[in-house]
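# A structural walkthrough
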Amino acid sequence: MRTYSPGLLRRVFEWKGQLAQGNRAATKDFGGIEIAPFKNNSPAAVSISADFEMAWGWRSRPGPECASKAANERRNVPSLLRALEEYRIPITWATVGHLFLESCTRGNCGLAHADMPRPPRNERWDGDWYRHDPCANVNEAPAWYAPDLIATILSSSVGHELASHSFSHIDFSVTTSTPELVRMEISACIKAMDPFGIRPRSLVFCHNRMGYQYSDLLYEMGIIVVRHRDSRSRLAYPERTASGLYKLYESMNLRLATYYNYVDKAKIFIDEAIRRGDAYHMWFHPSDEPNVFEEAFIPILDHIDSQRGKGLVWVSTMADLAAYCEAREKTTISAIRSQSGMTLTLESSLDTSKFGNPYLTLLIPLDRPVTKIVYDQDNDSQDSTAARRTHPVENKRLILNVPCKTKRVQLFFS
Ligand SMILES: [Zn+2]
Ligand SMILES: [Zn+2]
């Protein structure tokens, strides 16, 4: 059923306050040379996260429902990967840490994962926190382990991010968690992900219960960004917290709406993000019924792809988006101009152990063509092949992508 036109729908969201202005990007201007808010100077960023949890996220529900959610997820993931490859859209898979395991065994005491702390309170079921864990392996209990699906996600050509959704789907609320529990949950994720050669950099709080009391601890353990549900804003520039952790504002979760076309809603929010320079973020459950993907997800991917084709959005994972924002925060630029060219000196205090060496997009005002660009980097920095491409000067401005740890860029005029 569709009763709202897109024009009317926009006014409804406005009226409900869903398009309220959130955090905005600060201008980064160094004597006329700017660092663009988003990579490629795209007006907006788009990111998507999947809460990848199999049976772990549904174990408080009756057994058949929990099993059906996990079975849906097993069936949907390969199709989702094909669609994301077709549109070349990388997403962030917020994965329950236990899914990285091939198998697990029951301890002598009769408990699963006896070495893991239990939440101080659990209102979702009686008995032990791990009582549903089959202590088997992926072949015998494919709802509780998914190293095969994870390997498939990692082998995709689009570069998906594997992120954390805690180890055992804990609730990060004050009454149901402790610093020790959170530390052990994240440590267990790090350990389980290590054989795949990856570390968690993004975290999605389970049940969207945000545990900001653990921001310092999460950041110390390598988490640089979390998905944030805000009571006011659904579109915002990623917000840096005092601990260094970024909040990425959730714009919407995928579903089918009764009184309007959900794809219209996504288009309205993405258009608004483009208009005001915000990050749009959609999340979903891969365990949903296939028609949700056919009727809403694929058309939204198609729209994102077309907006990217017009240069209007930068499609990024959660961690890459946070890394760009932090590199922008931590880099300064000075320039010396001469008759024959310009020399830019970059100084960056970015913690590369957490954020890597992301590209920054510089906007350099110029009134004549550049014939040559020479980069001078640290020896240990990443390959700068992409930065060596000379971009044309458009509207008296050179748009240049440079790894933020570049020390010096020399521009030569004709
Ligand atoms: Zn287990
Ligand atoms: Zn979850």
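## Focus: the domain arrangement of the protein
Segmentation of the protein into domains returns domain 1 (6–29 + 42–323) and domain 2 (338–413). Opposite the four residues of domain 1 that make contact, domain 2 presents four residues. Class assignment of the residues belonging to the side of domain 1 that touches domain 2 gives a composition of two nonpolar, one polar and one charged.

## Let's talk about the pairing of strand S14 (residues 341–348)
Summarising the sheet, strand S13 (residues 331–337) and S14 pair through seven bridges and their orientation is antiparallel. Residue pairing across strands places Thr331 opposite Ser348, the latter belonging to S14. Linking S13 back to S14 in an antiparallel pair, the connection comprises three residues. The pairing of S14 with strand S19 (residues 406–413) spans five bridges and is classified as antiparallel. Directly across from Thr345, in S19, lies its bridge partner Arg408.

## Overview of the packing of helix H1 (residues 6–15) against helix H6 (residues 262–276)
Remark: H1 packs on H6, axes separated minimally by 10 Å, with the N-to-C direction vectors making an angle of 65°. The crossing of H1 and H6 is right-handed. Residues Pro6, Leu9, Arg10 and Phe13 of H1 lie in contact with H6, whose contacting residues are Asp264, Lys265 and Ile268. For the contact of H1 with H6, the class distribution of residues is four nonpolar, no polar and three charged.

## Describing the pairing of strand S15 (residues 359–365)
With five of seven residues buried, S15 lies mostly within the body of the structure. Across seven bridges, the pairing between S15 and strand S18 (residues 397–403) is antiparallel. Each bridged residue has a counterpart across the sheet, and for Tyr359 the counterpart in S18 is Pro403.

About the criteria used
Residues numbered from 1 in each chain as written. Chains lettered and ligands numbered in written order. Predicted model: local features only at pLDDT ≥ 70, side-chain atom pairs only at ≥ 80, totals over all residues. Domains from an automatic or database assignment. Contact = placed C-beta atoms within 7 Å. Nonpolar A, V, L, I, M, F, W, Y, C, P; charged D, E, K, R; others polar. Pairing = 2+ DSSP bridges. Helix = DSSP H or I, 4+ residues; strand = E, 2+ residues; numbered from the N terminus. Axes fitted to C-alpha atoms, helices over the stretch in contact; angles between N-to-C directions. Left-handed = near helix turned anticlockwise from the far one by under 90°. Buried ≥ 20, exposed ≤ 12 C-beta atoms within 10 Å, placed from the backbone.

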